[in-house]
Amino acid sequence: MDHFIYKNGELYAEDVRIAEIAEKVGTPFYVYSTATLERHFQVFDEALDGMEHLVCFAMKSLSNVAVLKLLGNRGAGIDVVSIGEYLRAKAAGVPGNRIVFSGVGKTREEMRIALEGDIRQFNVESEPEMEALSEVALSLGKIAPIAIRVNPDVDAKTHAKIATGKKENKFGIPISRAKEVYAHAATLKGLDVVGIDVHIGSQLTDLEPFRLAYRKVAELCETLRAEGHNIRRLDLGGGLGIPYTRSNEVPPLPSDLGQVIREEVGHLGCEVEIEPGRLIAGNAGLMVTEVIYVKSGEDRDFMIVDAAMNDLVRPSMYDAHHDIELVKEPQAGAEKQPYDIVGPICETGDTFAKAREMNKVAAGDLVAFRSAGAYGAVMASEYNSRPLIPEVLVNGDQFAVIRKRPTYEEMIARDIIPEWL
Ligand code: LLP
């Protein structure tokens, strides 16, 4: 469920007209709904009711500080994968003891900053990383709490670019070697080994891979405890998929995932962490763009919009589908036709959708891409010297620009001409 609905013949974000935002900030832009973000967080929180737990929003999906603050105010933890993300979480006022640091290649400098600023736990992914972290912690007179990310060799049955839990993926340590690696970690004086971490992929629409992975983690937990390790926390990763089309079947709900967690690891008495990104942010955001031209090709019509693959890369990168709707509500029975929906960038990959059945559009019409809250703004670039597009947050009948569109001057001023030129 989200809060982007038609009222009075046009699309609203909560109680704000999308067209009004477009008038004020210009197109294209991202817009997020506070009520939707809060609701999605709450649904996850409730899914783990009865277990000691922390829902750590995977901010790689949407990293605007205002969004982090609103989730942080609700009690969310944050999953970060770089020190840039860590500092954003801090800037949003999220305390270090609610920040989990994941990622396969943390540098010593990143470790130092996180340790000095306070951190709930590092999810470490290799033995060299463990050794480095222990050294950095000792040099600061600290002990780093860690969970070790295991790779359970489970097929997440999702897009190959976002599957992470098979042995050929770069993530975690093979679960078959976990016993030795934990024994090694226990000898490192700068570490406190608190838990096990697992994350098998993103946009999972089947619960079975989660179940298999969690079962392996539960077995490992018992083995490690028998070896004398005080395992008290399980980080079960993110990955629950969202509906990208309104017509398709609905993927499992957070409450269903919560049930699987309870069944597979509930008996261990561990504190549970999860790291959802897409499910919290995905359907809480739209990208809104304006039709520049409608161009008739030989065998098709192109809808050329003012957003492009640099603003929302998912369709070109993963062949991802986003529902696309007119901001002005189409009349019942109005004529439809197929469009290739494309941006202005000079490559064919700058195509959002092919032969998409849409109501007829004209230049100047506003068009909204749904499910764009997660992995939208965060993956944007300035390719073709197109400045990053603004982000807007709606809350009831109010809205605010939470990242402004840079001017061309600001964009160009970042380049430096060396003196010899
Ligand atoms: N935890 C870890 C360690 C992760 O690597 C990820 C996502 C998450 C949590 C959050 O997963 P989620 O709940 O959002 O599925 N750019 C791609 C998705 C990449 C996901 C990377 N890792 C896309 O646009 O589909």
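Computed from a prediction, not measured in an experiment: that's the story for all the values here. (Residues numbered from 1 in each chain as written. Predicted model: local features only at pLDDT ≥ 70, side-chain atom pairs only at ≥ 80, totals over all residues. Heavy atoms only, no water.)

Caption draft 1: Looking closely at the packing of aromatic side chains. Scanning the model with the defined rule gives four aromatic pairs in all. Considering the side-chain rings of Phe-210 and Tyr-214, the 5.9 Å spacing of their centres and the 40 degrees angle between planes classify their relative orientation as tilted. A residue pair is termed a helical-turn pair when its members lie 3 or 4 positions apart in one helix, as Phe-210 and Tyr-214 do in helix α8 (residues 208-226) at four residues. Comparing Phe-210 with Tyr-214 shows no difference in burial state: the two are buried. Note that Lys-106 overlies the ring of Phe-101, its terminal NZ or CZ placed 5.7 Å from the centroid. (Phe/Tyr/Trp six-rings, centres within 6.5 Å; stacked < 30°, edge-to-face > 60°. Helix = DSSP H or I, 4+ residues; strand = E, 2+ residues; numbered from the N terminus. Buried < 20%, exposed > 50% of the residue type's maximum accessible area, 1.4 Å probe, protein only. Lys NZ or Arg CZ within 6 Å of the ring centre and 35° of its normal.)

Caption draft 2: Inspection of the environment of Ser-134 at higher detail. Inspection of the secondary structure puts Ser-134 in helix α6 (residues 127-139). For Ser-134, a relative accessible area of 4% corresponds to the buried category. Residues Ser-134 and Val-217 lie 83 residues apart in sequence; the distance between their C-alpha atoms is 24 Å. Beyond its immediate chain neighbours, meaning those up to four positions away, Ser-134 contacts Leu-188, Lys-189, Gly-190 and Leu-191. For Ser-134, the side chain forms a polar contact with the main-chain nitrogen of Gly-190, separated by 3.0 Å. (Contact = heavy atoms within 4.5 Å. Polar contact = N/O pair within 3.5 Å; in protein donor to acceptor, adjacent residues only side chain to side chain.)

Caption draft 3: Molecular detail of the pattern of salt bridges. With the rule as written, the count across this model stands at 32 salt bridges. A salt bridge links Lys-24 to Glu-20; the nearest nitrogen and oxygen atoms lie 3.1 Å apart. Placement of the pair is Lys-24 and Glu-20 together in helix α1 (residues 18-25), with a separation of four residues, close to one helical turn. By relative accessible area, which is 58% here, Lys-24 ends up exposed. Since its relative accessible area comes to 25%, Glu-20 is described here as partly exposed. Here the salt bridges share partners, and the residues they tie into one network are Glu-208, Arg-211, Arg-215, Glu-263 and Glu-264. (Salt bridge = Lys/Arg side-chain N within 4 Å of Asp/Glu carboxyl O.)

Caption draft 4: Summary view of the packing of α6 against helix α7 (residues 178-187). Taken N-terminus to C-terminus, the directions of α6 and α7 make an angle of 10 degrees; their axes are 10 Å apart at the nearest point. Taken together, α6 and α7 sit at an angle that is classed as roughly parallel. At the point where α6 passes α7, the crossing takes the right-handed sense. Touching Glu-127, Met-130 and Glu-131 of α6 are Val-181, His-184 and Ala-185, all from α7. Here the contact of α6 with α7 is composed, by residue class, of three nonpolar, one polar and two charged. (Axes fitted to C-alpha atoms, helices over the stretch in contact; angles between N-to-C directions. Parallel < 35°, antiparallel > 145°, perpendicular 65-115°, else oblique. Left-handed = near helix turned anticlockwise from the far one by under 90°. Nonpolar A, V, L, I, M, F, W, Y, C, P; charged D, E, K, R; others polar.)

Caption draft 5: The arrangement of a nonpolar patch on the surface in detail. A cluster of nonpolar side chains, namely Ile-417, Trp-420 and Leu-421, defines an oily patch on the protein surface of about 480 Å² accessible area. Following the sequence through the fold, Leu-421 ends up in the segment after α12 (408-413). (Patch = residues over 30% accessible without salt bridge, like charges linked within 9 Å, V, L, I, M, F, W, Y side chains within 5 Å. Areas by Shrake-Rupley, 256 points an atom, 1.4 Å probe, with all protein chains shown as cover.)

Caption draft 6: Quick peek at the nonpolar core. Ranked by size, the top nonpolar core spans 103 residues in total, and within it Leu-37, Phe-122, Ile-146, Ile-196, Tyr-214, Ile-261 and Ile-341 carry the most contacts. Here the element with the most residues in this core is α8; it accounts for eight residues. Two domains each provide a minimum of three residues to this core, namely domain 1 (4-31 + 282-413) and domain 2 (34-279). Residues Phe-4, Ala-22, Ala-368 and Val-394 belong to the second largest nonpolar core, which totals 18 residues. (Core = buried A, V, L, I, M, F, W, Y, C linked by side-chain atoms within 4.5 Å. Domains from an automatic or database assignment.)

Caption draft 7: Representation of the site of the ligand within the structure. Near the ligand you find 18 residues, and of these Ser-202, Glu-275, Arg-278, Arg-314 and Tyr-375 are the closest. At 2.8 Å, a side-chain N or O of Tyr-318 approaches a nitrogen atom of the ligand. In the model, an oxygen atom of the ligand is placed 2.6 Å from a nitrogen or oxygen of the Tyr-375 side chain. Taking 590 Å² as the accessible area of the ligand by itself, protein coverage stands at 91%. Broken down by class, the residue content of the shell around the ligand amounts to six nonpolar, six polar and six charged. (Near = heavy atom within 4 Å.)

Caption draft 8: Inspection of the domain arrangement of the chain at higher detail. As far as domains go, the chain holds domain 1 (4-31 + 282-413) and domain 2 (34-279). Between the C-alpha centres of domain 1 and domain 2 there is a distance of 32 Å. Between domain 1 and domain 2, the contact holds 25 residues from the first and 25 residues from the second. For the pair domain 1 and domain 2, the two sides together bury roughly 2000 Å², of which 53% comes from carbon and sulfur. The largest share of the area that domain 1 buries against domain 2 comes from Asn-283, Tyr-318 and Tyr-375, three residues that together contribute 25% of it. The interface formed by domain 1 and domain 2 includes zero salt bridges. Counting every contact that joins domain 1 to domain 2 gives eight residue pairs in polar contact (both at pLDDT 80 or more). When contributions to the side of domain 1 that touches domain 2 are tallied by element, the ones reaching two or more residues are α11 (314-318), β20 (391-395) and β21 (398-403). Split into classes, the residues belonging to the side of domain 1 that touches domain 2 amount to 10 nonpolar, eight polar and seven charged. (Buried area = accessible area lost by both parts, 1.4 Å probe.)

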